Amino acid sequence: MSKKGKVYFVGAGSGAKDLITIRGKNLIEKADMIIYAGSLVNPELLEYAGKDAIIYDSSRMHLEEVVEKYKEAKEKDLTVVRLHTGDPSLYGAIKEQMDALDDLDMEYETCPGVSACFGAAASLNLEFTLPGISQSLIITRMAGRTQVPERESIESFSSHGCSMAIYLSAGHLEELKDRLIQGGWEANTPCALVYKATWDEEKKFLCSLEELPQVARENNITKTALIIVGYVLESKDYEKSKLYDKGFSTEYRKSI
């Protein structure tokens, strides 16, 4: 006997309506029920929904209320799109929902999306992984209502000196600045503050680490912003990629 109803966890992308995947758009169009992440998801995406779709704003719901909607979908054999900001796998709180769906013996599937760090990089025309400068990207956050393991502290990650994309920390930039410096970054390390990356309201600022809190204060930015830290933001003295080096052979091309 087949299971009834199905939930699709869909990444809404970083903000712009046309940055959702084709698959995500198709799922929204076919959904009987959509539960979307309130102000974090561009409401224009709901324009893709069918005229009979039932739509809920999850910012006004707690987990148990969301699960009740999943139960209703199972009883009525409905297709649900759970529309999360960015990519659902990053700070999306999807595992707890999937565990609940397992308890309901209900099918689910994930559709990836463009996360804010990649939307911000596109807005800045930035490459996170410049040869000779940084070949790694650390995606992290400061502790808030959700704690961060000590082994993943800002100071610990700062010591690597690689590119960093810091989420959910725009309201604590004085502390963030101090902890990044304590971890090993210099006060003049280049930073970017990107508010609502790829939205129409996007604002982006380049500054030093020391200047970061002041830039945020002057522009009234306290949330919904991503912080990028690293020398890739300014470096001109990097190594060119071997991938396109004429002296480097590949499976498809002989060196000259």
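Throughout, residues of each chain are indexed from 1 in the direction in which the sequence is written. Two thresholds apply to this predicted model, a pLDDT of at least 70 for residue-level local features and 80 or more for giving and counting side-chain atom pairs, whereas whole-chain, interface and lining totals are computed over all residues. In computing side-chain properties, one takes all heavy atoms of the structure into account and sets aside hydrogens as well as water.

A closer look at the sheet that holds strand S7 (residues 163-167)
Two strands pair if DSSP finds at least two bridges between them. Think of it this way: any DSSP run of H or I at least four residues long counts as a helix, any run of E at least two long counts as a strand, and we number them from the N terminus. The 5 strands lie next to each other as S6-S7-S10-S8-S9, forming an open sheet whose pairing is mixed. Since the sheet does not close on itself, it has two edges, and those belong to strand S6 (137-141) and strand S9 (203-208), each with one partner. Across the sheet, the axes of successive neighbouring strands diverge by a mean angle of 20°, strand direction being ignored. Of the pairings in the sheet, the one linking S6 to S7 comprises 5 bridges and is parallel in character. Directly across from Ile138, in S7, lies its bridge partner Met164. The contact criterion used throughout is that any non-hydrogen atoms of two residues lie within 4.5 Å. Comment: axis = line fitted to C-alpha atoms, over the contacting stretch for helices; angle = value between 0 and 180 degrees taken between N-to-C directions. Relative to the sheet, helix H4 (residues 116-124) contacts S6, S7, strand S8 (190-195), S9 and strand S10 (225-229), its axis offset from that of S10 by approximately 70°.

Remarks on the packing of helix H2 (residues 63-76) against helix H3 (residues 95-103)
Packing of H2 against H3 leaves a shortest axis separation of 11 Å and a crossing angle of 45°. With respect to H3, the axis of H2 lies oblique. In this structure, H2 meets H3 at a crossing whose hand is right-handed. Counting all contacts with H2, which are made through Leu63, Val66, Val67 and Tyr70, the residues of H3 involved are Glu96, Gln97, Ala100 and Leu101. Asp, Glu, Lys and Arg are counted as charged, while Ala, Val, Leu, Ile, Met, Phe, Trp, Tyr, Cys and Pro are counted as nonpolar; the rest, among them Gly, fall into the polar class. Here the contact of H2 with H3 is built from residues that sort into 6 nonpolar, 1 polar and 1 charged. Angles below 35 degrees are treated as roughly parallel, those above 145 as roughly antiparallel, those between 65 and 115 as roughly perpendicular, and all remaining angles as oblique. Definitions for this section: a left-handed crossing has its near helix turned counterclockwise from the far helix by less than a right angle. A right-handed crossing has that turn clockwise.

Considering the side chain of Asp87
Mapped onto the fold, Asp87 is located in the loop between strand S4 (79-84) and H3. Of the side chains with opposite charge, Arg23 comes closest to the buried, unpaired Asp87, at an N-O distance of 10 Å. If we ignore the near neighbours within four places in the chain, the residues touching Asp87 are Pro112, Gly113, Val114 and Ser115. The buried label applies to any residue whose accessible area, calculated with a 1.4 Å probe on protein chains only, is under 20% of its type's maximum; exposed applies above 50%, and partly exposed to all values in between. Just so you know, the count uses Lys and Arg for positive and Asp and Glu for negative, and it drops His and the chain ends. We define a salt bridge as a contact between a side-chain nitrogen of Lys or Arg and a carboxyl oxygen of Asp or Glu at a distance within 4 Å.

Some details on H4
For H4, the set of buried residues is Cys117, Gly119, Ala120, Ala121 and Ser123. The inward-facing, buried residues of H4 abut S6, S7, S8, S9 and S10. Positive backbone phi, approximately 50°, marks Asn125, located one or two places after H4.

Considering unusual backbone geometry
Non-glycine residue Tyr91 carries a positive phi angle of around 55°. Mapped onto the elements of the fold, Tyr91 is located in the loop between S4 and H3. By relative accessible area, Tyr91 is classed as partly exposed at 36%. For Ala93, which is not a glycine, the phi torsion comes out positive at approximately 50°.

Some details on the environment of Ile20
Locating Ile20 in the fold gives a position in the loop between strand S1 (6-11) and helix H1 (22-30). Residues Ile20 and Asp245, spaced 225 residues apart in sequence, show a C-alpha to C-alpha distance of 34 Å. Ignoring anything within four residues of it in the chain, the contact list for Ile20 reads Val10, Gly11, Ala12, Lys25, Ile28, Leu45, Tyr48 and Leu83.

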